[in-house]
Every structure is written in structure tokens, then in C-alpha cells.
Amino acid sequence: YGKATFVLLSHSRGGLLTRKYLKDHPQRKALITKVITLHSPHTGSDLASIADFIRTQIDNLQSLIGGLAMAILGWMYDLARSDAYQEMAVGSAFLTDLANGEVPDPGITYFTFGGISVKLSRILSWVYTFGSSIPQWHLPPFFHGRTMVEVPGISPIANSLPNIIEELSDGRGDLLTANRRTQLPFAMHQVNPINHAEALW
């Protein structure tokens, strides 16, 4: 790419892998002007820690009832022991190693984004508002107000869960990461009222 420079944009676990890339390849930092991470659990995720707990419990269950445990819960076990969950668990060896000696490059501007909505869905819907009934001096003469509504019976489920962990608490998490865990001390941070998937959309 010759003398081209790059902006690295990453989502969720990708933000951790971006940091690891920069740490493992310091000679490439000169090519990078900005690093932007969207909803990346820089200091871990309690949900990932729960996955580690589930894996341990399935191991214990297997010692009691043998192969039946894996026959029933094998899919969950495989998911819980994936690299992603192990790396993102709070206090994991991966995160500890990543933060150890990590120094931001003065030539790179860092941005982190976090979300604070646990709404599972939003549908954009046209609705009549008071202003919709007032004729305007253009064609068509009426202007319909627009607002977002949730899918009844589906989306509010996450909103009504007890605030056991930050990731699932409205105003503090985005369903998968807690906003406070998406921040880096050397980055400019912005909070958006969206969930984990909406950061991609």
C-alpha cells in the first residue's frame, strides 16, 4: 500500500484483537492514524465469566452422570469453552497479558464506543402526531411524524430482567458488554443508547 495510512475499526472481541495486533507488531503503528472500537469489552465481560462457570458445572455434572451430560449439554459446553469466552472473561489471562505494558502510540488517536440499551428490537414506524394534521405549503400537504416502537412481547423481555449483571441492565449495558468495560483510559469515549448488535448496523 505504499505510504497509505489506516484507520482500524473493530467491534466487540475485534477490539481486543486490534489491541493485541498493535502490541505484537509495534513496527506497524506508524501506518495507523486512528483506532476505533465499538462495544469491545476491554476489561472483560461478566457474561463471559458466567460461561466459564457453566463450563465448570458441566464438567462436574459429567463426573456424576458421565456421557449423558455431554449428550444433553454438549452444545452449551462447546460454546462456553470457545476462545472468545475464555479471552473475554473478567480477569482472564488474555486480558491481563494484553493490558500488561500496553502503551498507546502518540501518533494514534483512540476512540471507544459503548452502549447502554438492552432493547432487543426497534421498529421504525410511521405514526400520526399532532403536527401530522396541520397542512403544509408543499405536496403532499401533510407530514407524518416518525418514531421507534418495540415489538410487543419480544423486546421488553430484556428490559424487565432483574439487574443482576451490568451487561443486561438498561442504562449500563448493551446485552453483551457493560459500558464501563468498553472504555480505555487513553481513549476518547462515547456512549450511545443502542445495543451490541446495533453498533454493527
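Every chain is numbered independently, its residues counted from 1 as its sequence is written. In view of the model being predicted, local features appear only for residues whose pLDDT reaches at least 70, and side-chain atom pairs are presented and counted only at 80 or more, with totals across whole chains, interfaces and linings using the full set of residues. Side-chain measures were taken over the full set of non-hydrogen atoms in the model, leaving aside hydrogen atoms and water.

(A) Structural detail: the sheet that holds strand 2 (residues 32–38). Here 4 strands make up an open sheet; going across it, the order is 1-2-3-6 and the pairing parallel. Two strands lie at the open edges of the sheet, namely strand 1 (6–11) and strand 6 (188–192), each paired on one side alone. Strand after strand, the sheet turns through a mean of 15° between neighbouring axes, direction not considered. Two strands are counted as paired when DSSP detects at least two bridges linking them. In DSSP terms, a helix is any run of H or I states spanning at least four residues, a strand is any run of E spanning at least two, and both are numbered starting from the N terminus. The pairing of strand 1 with strand 2 spans 6 bridges and is parallel. Bridge pairing in strand 2 links Leu-9 to Ile-36. On the sheet, helix 1 (residues 13–24) packs against strand 1 and strand 2 and is oriented at approximately 140° with respect to strand 1. For every element, the axis is a line fit to its C-alpha atoms; helices are fit only across the contacting stretch, and the angle between N-to-C directions ranges from 0 to 180 degrees. Note on contacts: a residue pair is in contact if any heavy atoms of the two residues lie within 4.5 Å.

(B) Expanded view of the pattern of salt bridges. Any Lys or Arg side-chain nitrogen located within 4 Å of an Asp or Glu carboxyl oxygen qualifies as a salt bridge. In total, this model carries 5 salt bridges according to the counting rule given. Residue Arg-19 pairs with Glu-102 through a salt bridge whose shortest N-O separation is 2.6 Å. Here Glu-102 lies in the loop between helix 5 (93–99) and strand 3 (109–115) and Arg-19 lies in helix 1, a separation of 83 residues in the sequence. Arg-19 gets classed as buried once you look at its relative accessible area, which sits at 7%. Note that Glu-166 and Arg-180 form a salt bridge whose closest N and O atoms lie 2.5 Å from each other. With Glu-166 in the loop between helix 6 (156–159) and strand 6 and Arg-180 in the loop between helix 6 and strand 6, this pair connects stretches of sequence that are 14 residues apart. When its relative accessible area of 12% is taken as the criterion, Glu-166 is described as buried. When its relative accessible area of 48% is taken as the criterion, Arg-180 is described as partly exposed. A single network of salt bridges, built from pairs that share partners, joins Glu-166, Arg-172 and Arg-180. Partly exposed residues are those whose accessible area sits between 20% and 50% of the maximum for their type, while under 20% is buried and over 50% is exposed, using a 1.4 Å probe and protein chains only.

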